[in-house]
Amino acid sequence: MIGKSYFLMSLLQVGLSQEWKGDTPREVTAQEGSCVKIPCHYSYPSHLATQPRGALWFNTEEEIPWAPLAFHSKDHNHESPKFRHRTRLSGDLKDGDCSLIINNIRREDTGPYFFRIEFDSGLGYSYYPATRLHVSDFTDKPRIFLAEIIAGKRVDISCTFNTTCNGTAPALTWDTPTDVPGSVSNTVTQHGVTLTYTSVLTLIPSLRHHGQTLTCRLRYPSVSSERTLILTVQYSGGENLDVILILGIRAVIFIVVVVITVAGICVWERRTVQGSPQSV
């Protein structure tokens, strides 16, 4: 009787297979230490819409006994130890969103992943083909947007970083000269699937800060990168300090040359007068 029931259930699943559809990419690349989102959308027979369900992500090409689980929505103890506390879903299963988030990407995360849905009624379906994850070196850097920097005037300098993964959030911090007082504000905005992290440094520079550096640092739990800006401070008149310094140095040199020339002439004239024969 059990065998017959299993056979009938199998026939039912085959008959409904046209209603089970999945949409996942064949390949995804992530950078070591960051997070990755494996996009996933699925459909299922409409009569199951109100039934409770569970989501599983396998770290293998296809479902086999004892296949390693990267994620289990109902019991995280079933997850492979290397994935525990690092994976979650990014959307709502009821909306057909089965996207997987993997945080703090490691080299050993490389490999195939596929999604399976299981309803409390006993029906379930595995969505193939699997998505292959590739892990590369961490090379992402934040971007600094230049602003005109004028001595004595408040300026906002922005540092941004874009990502499509809504897992562990990166942190943006500033390294500034100790004598440059400033304030920092951080925001996160979303446009489509892209998240933009922005850190705005507000400061009032002076001429003595010309040539000093500002560094925006991007941090994940295990990796970081940075972008550095060399301050070019201008006078309020708009002239670059380098130009002013060059002109100033030239002026000083000219004055020194004039002084030396005049002094030389005076010394020469004095010696000439002293050396002239006196008439009797």
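Presented here is an overview of the structure given in this document. (Residues numbered from 1 in each chain as written. Predicted model: local features only at pLDDT ≥ 70, side-chain atom pairs only at ≥ 80, totals over all residues. Heavy atoms only, no water.)

Things to note about the nonpolar core
The line we're drawing: Residue types Ala, Val, Leu, Ile, Met, Phe, Trp, Tyr and Cys, when buried and joined through side-chain atoms within 4.5 Å, form a set referred to as a nonpolar core. In this scheme, a residue with accessible area under 20% of its type's maximum is buried, one over 50% is exposed, and one in between is partly exposed, where area comes from a 1.4 Å probe on protein chains only. Numbering of helices and strands starts at the N terminus; helices are DSSP runs of H or I of at least 4 residues and strands are runs of E of at least 2.
The biggest cluster of nonpolar side chains holds 28 residues, and the ones touching the most others in it are Y42, W57, L93, Y113, F115, I117 and L133. When contributions to this core are tallied by element, the ones reaching two or more residues are β2 (27-31), β3 (36-38), β5 (53-58), β6 (69-72), β8 (100-102), β9 (111-119) and β10 (124-136). Among the elements that line this core, the one with the most residues is β9, at four residues. Counting residues in hydrophobic clusters, the runner-up holds 22 residues, among them V155, L195, L214 and L218.

Let's talk about the sheet that holds β3
In any sheet, the strands associate via hydrogen bonds between backbone groups, in a parallel or an antiparallel arrangement. So the rule is basically this: A pair of strands is treated as paired once DSSP finds two or more bridges between them. Fitted lines through C-alpha atoms give the axes, limited to the stretch in contact for helices. The angle between two N-to-C directions lies from 0 to 180 degrees.
Within the open sheet, the three strands sit side by side as β3-β8-β7. Their pairing is antiparallel. Across the chains shown, the open sheet's two edge strands, defined by having one partner strand only, are β3 and β7 (87-89). With direction set aside, neighbouring strand axes in the sheet form an average angle of 25°. As paired strands, β3 and β8 are joined by three bridges and run antiparallel to one another. Its bridge partner lying in β8, V36 is registered against I102.

Side note on the pattern of salt bridges
This is how it is decided: Note on definitions: salt bridges are taken to be side-chain nitrogens of Lys or Arg within 4 Å of carboxyl oxygens of Asp or Glu.
On inspection of all chains with the given rule, the structure shows ten salt bridges. Note that D137 is salt-bridged to R107, the shortest N-O span being 2.0 Å. Of this pair, D137 sits in the loop between β10 and β11 (143-145) while R107 sits in the loop between β8 and β9; the two residues are 30 residues apart in sequence, bridging distant segments of the chain. Classification of D137 by relative accessible area gives partly exposed; the value is 49%.

Points about the side chain of T196
The cut-off we apply is this: Within 3.5 Å is the distance limit for a polar contact, defined as a pair of N or O atoms, with the added protein rule that one can donate a hydrogen and the other accept it, and that residues adjacent in sequence qualify only through two side-chain atoms. What makes two residues a contact is simply this: any of their non-hydrogen atoms within 4.5 Å.
Mapped onto the elements of the fold, T196 is located in strand β15 (residues 194-203). Assessed through its relative accessible area of 15%, T196 is described here as buried. Only 2.7 Å separates the side chain of T196 from the side chain of N162, close enough to count as a polar contact. Not counting residues within four places of it along the chain, the set of residues in contact with T196 comprises T160, F161, N162, T187, V188 and T189.

Comments concerning the state of the cysteines
Rules: Sulfur atoms of two cysteines make up a disulfide when they are within 2.5 Å.
Applying the stated criterion across every chain yields a total of three disulfides. One disulfide in the model links C40 with C98; its S-S distance is 1.8 Å. Taking the sign of the torsion about the S-S bond as the criterion, the disulfide between C40 and C98, at about -75°, is left-handed. One end of the pair, C40, is in the loop between β3 and β4 (41-43); the other, C98, is in the loop between β7 and β8, with 58 residues separating them in the sequence. Take C40: its relative accessible area is 2%, and that puts it in the buried class. Take C98: its relative accessible area is 0%, and that puts it in the buried class. Each sulfur in the disulfide pair C159 and C216 lies 1.9 Å from the other. Between C159 and C216, the S-S dihedral sits near -85°, and the bridge is therefore left-handed. Of the two residues, C159 sits in strand β12 (residues 155-163) while C216 sits in strand β16 (residues 213-219), which places them 57 residues apart along the sequence. The same class applies to C159 and to C216, which are both buried. Numbered by position along the chain, the disulfide-linked cysteines of the protein chain connect as 1-5, 2-3, 4-6.

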